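Take a look at the letters that make up each chain.
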Amino acid sequence: MTAPSLPPLSLYIHIPWCVAKCPYCDFHSLPRRGALPEGVYVRAVLDDLDQSLGALRGREIQTIFFGGGTPSLFSGAAVGDILSGVGRRATLAPDCEITLEANPGTVDSSRFLAFREAGVTRLSLGVQSLHTPSLRRLGRIHDAREARDAMEAAAGAGFSSFNIDLMYGLPDQTPGQAAADVRAALAVDPPHLSLYELTIEAHTAFARDPPALPSEDLRTAIEDAITQAADAAGYERYEVSAYARPGYRCAHNLNYWQFGDYLGLGAGAHSKLTGGAAVARITRIADPVRYMEGPDRIASRRLLATQDVIFEFLLNALRLTEGFPRDLLRARTGHDFGDLEPLWSRAIARGLLAREDETMRATPLGRRFLDGLLAGVLADLETAGAPTAVEQ
Ligand SMILES: C[S@@+](CC[C@H](N)C(=O)[O-])C[C@H]1O[C@@H](n2cnc3c(N)ncnc32)[C@H](O)[C@@H]1O
Ligand code: SF4
């Protein structure tokens, strides 16, 4: 084993407020009460960045992502203040992709233009469905007409790219309805599409009072229908949930899936940073009031054990249709294919992984059962007795 090398670095900025909490959502977000403390939050994020510059050691930032919560609740001016503050403190790659998540219930053309003028290059719109009864079941604040208006505004606002999020496997949904949702989203020709299967997350309103979901067989038929609809329109499924036109993959998410580094700023944000031979996971204080007060904003910091580094690498990289090359495994984890031979041969024998010379990827069966596959990988790593601490 060698030390992992320094991977590309991204910046994530978390905006922890929404208009209302959706019943399925376990992202860190709180319903907004009154006006948002934009100015105080912007200063806290930049102060947080000042305190983190040592950990960045002058590395160039490849991508920036404003996630939430609902970042589109912030004004273009506040987003611009964050971006110019980041630009004064750190070096951005010349082609830095800057994405902002927007909720169709919180936007209009003028707001989109203000985000673009602030420096945002890519918008990600949480449409979820274009079927009003489904949107109501999901507790969304917008209906199908508002979703269409927002999609058209996003398409016309002049961003380099934009993404539309849809959810599928919804209560009472049929394969035909799900495919109709995809085709309705494709009407505005988005360069990128994210199709997420509705999952019931712990500690959500849906976990307390679960809706009746389509049967397993029906969910498989729905997934086949939406994949075919995207494929027929020329979108490549390059990750479990991500589809893109050629040249429009999301660089920020690709960096996550390729186990790159990211600094997460904002209440409840997570970071993954490589330093020396160690990989650290760091979490910011979740309570926005305490986060804004500072001065210390770190809630937890933990070094990953060797088997966690391998497991987390696989958890991310096996989501990619193309899988990962041997060089990437070595660069990110310090391990070679040969170090994990028993694990590969078992998964290949079960038809879950496929190896082509220098590349390992999940088969369609492996991707469908990725959770089970990875639970098996973790058990294998533990019984193989991989070292429990990263060498310093
Ligand atoms: C942080 S939200 C996106 C931005 C914005 N807050 C919104 O909802 O419009 C990220 C995306 O994750 C997806 N998502 C959230 N919770 C989910 C769940 N339980 N199952 C499937 N997808 C989910 C939704 O598609 C959502 O748009
Ligand atoms: S799905 Fe989006 S709008 Fe709904 S609670 Fe989660 S982050 Fe907020």
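This structure is a prediction, so every number in the text was calculated from the model and none was measured.

Parameters at a glance
Residues numbered from 1 in each chain as written. Chains lettered and ligands numbered in written order. Predicted model: local features only at pLDDT ≥ 70, side-chain atom pairs only at ≥ 80, totals over all residues. Heavy atoms only, no water. Helix = DSSP H or I, 4+ residues; strand = E, 2+ residues; numbered from the N terminus. Rg over C-alpha atoms; globule rule 2.2 N^0.38 Å. Buried < 20%, exposed > 50% of the residue type's maximum accessible area, 1.4 Å probe, protein only. Contact = heavy atoms within 4.5 Å. Areas by Shrake-Rupley, 256 points an atom, 1.4 Å probe, with all protein chains shown as cover. Lys, Arg positive; Asp, Glu negative; His and termini not counted. Charge placed at Lys NZ, Arg CZ, Asp CG, Glu CD. Expected span 1.5 Å × (residues − 1). Arc of directions from axis to C-beta. Phe/Tyr/Trp six-rings, centres within 6.5 Å; stacked < 30°, edge-to-face > 60°. Core = buried A, V, L, I, M, F, W, Y, C linked by side-chain atoms within 4.5 Å. Domains from an automatic or database assignment. Buried area = accessible area lost by both parts, 1.4 Å probe. Salt bridge = Lys/Arg side-chain N within 4 Å of Asp/Glu carboxyl O. Nonpolar A, V, L, I, M, F, W, Y, C, P; charged D, E, K, R; others polar.

(A) Representation of the overall build of the protein chain. The secondary structure content of the protein chain amounts to 15 helices and 17 strands. For 392 residues, the compact-globule formula gives about 21 Å, and the C-alpha radius of gyration of the protein chain, at 21 Å, lands near that figure. Scored against the burial criterion, the 392 residues of the protein chain give a buried share of 54%. Residue pairs in contact within the protein chain that sit at least 24 positions apart in sequence constitute 69% of those at least 6 positions apart. As displayed, the protein chain has an accessible area near 16,600 Å², and 52% of this comes from carbon and sulfur atoms. Of note, the protein chain has its 39 positive side-chain charges centred 3 Å away from the centre of its 48 negative side-chain charges.

(B) Inspection of helix α15 (residues 370-383) at higher detail. With 14 residues, α15 ought to run about 20 Å at 1.5 Å a step, and its terminal C-alpha atoms sit 20 Å apart, in line with that. Every buried residue of α15 is listed here: Leu370, Leu373, Leu374, Val377, Asp380 and Leu381. Projected down its long axis, α15 shows its buried positions confined to an angular sector of 115°, all on one face. Exposed side chains of α15 directed beyond 90 degrees from the buried face belong to Asp371 and Thr383. Among the structural elements, α11 (306-317), α13 (341-349), β16 (353-356) and α14 (364-368) are those in contact with the buried residues of α15.

(C) Focus on α13. Buried within α13 we find Leu343, Trp344 and Ala347. Angular distribution of buried residues about the axis of α13 spans 95°; they occupy a single face of the element. Looking at the buried residues of α13, the elements they touch are α11, β15 (324-325), α12 (326-333), β16, β17 (359-362) and α15. Looking one or two residues beyond α13, the residue adopting positive phi is Gly351, at roughly 75°.

(D) A look at the packing of aromatic side chains. Using the criterion set out here, one finds 14 aromatic pairs in the structure. Ring centres 5.8 Å apart and planes at 40° place the aromatic pair Tyr41 and Tyr291 in the tilted group. One end of the pair, Tyr41, is in helix α1 (residues 38-56); the other, Tyr291, is in helix α10 (residues 288-293), and 250 residues separate them in sequence. Ring centres of Phe313 and Phe324 lie 4.9 Å apart, and the angle between their planes is 80°; this geometry places the pair in the edge-to-face category.

(E) How the structure looks around the nonpolar core. Counting residues in each nonpolar core, the largest one holds 72 residues, and the members touching the most others are Ile64 and Phe112. Considering every element that reaches this core, the biggest residue donor is α1, with seven residues.

(F) Molecular detail of the domain arrangement of the protein chain. Here the protein chain is described as being made up of domain 1 (9-255) and domain 2 (306-383). Centre-to-centre, using C-alpha coordinates, domain 1 lies 28 Å away from domain 2. Taken together, the contact between domain 1 and domain 2 spans eleven residues of the former and seven residues of the latter. Roughly 710 Å² is buried in total at the junction of domain 1 and domain 2, and carbon and sulfur atoms are behind 40% of that figure. Our count for the domain 1 to domain 2 interface comes out at three salt bridges. Ionic pairing is found between Arg368 and Asp224, a salt bridge with its closest N-O pair at 3.5 Å. When residues of the side of domain 1 that touches domain 2 are traced back to their parent elements, those giving at least two are α8 (216-232) and β9 (236-237). When residues in the side of domain 1 that touches domain 2 are grouped by element, the largest group, three residues, is from α8. Its residues placed into classes, the side of domain 1 that touches domain 2 shows three nonpolar, two polar and six charged.

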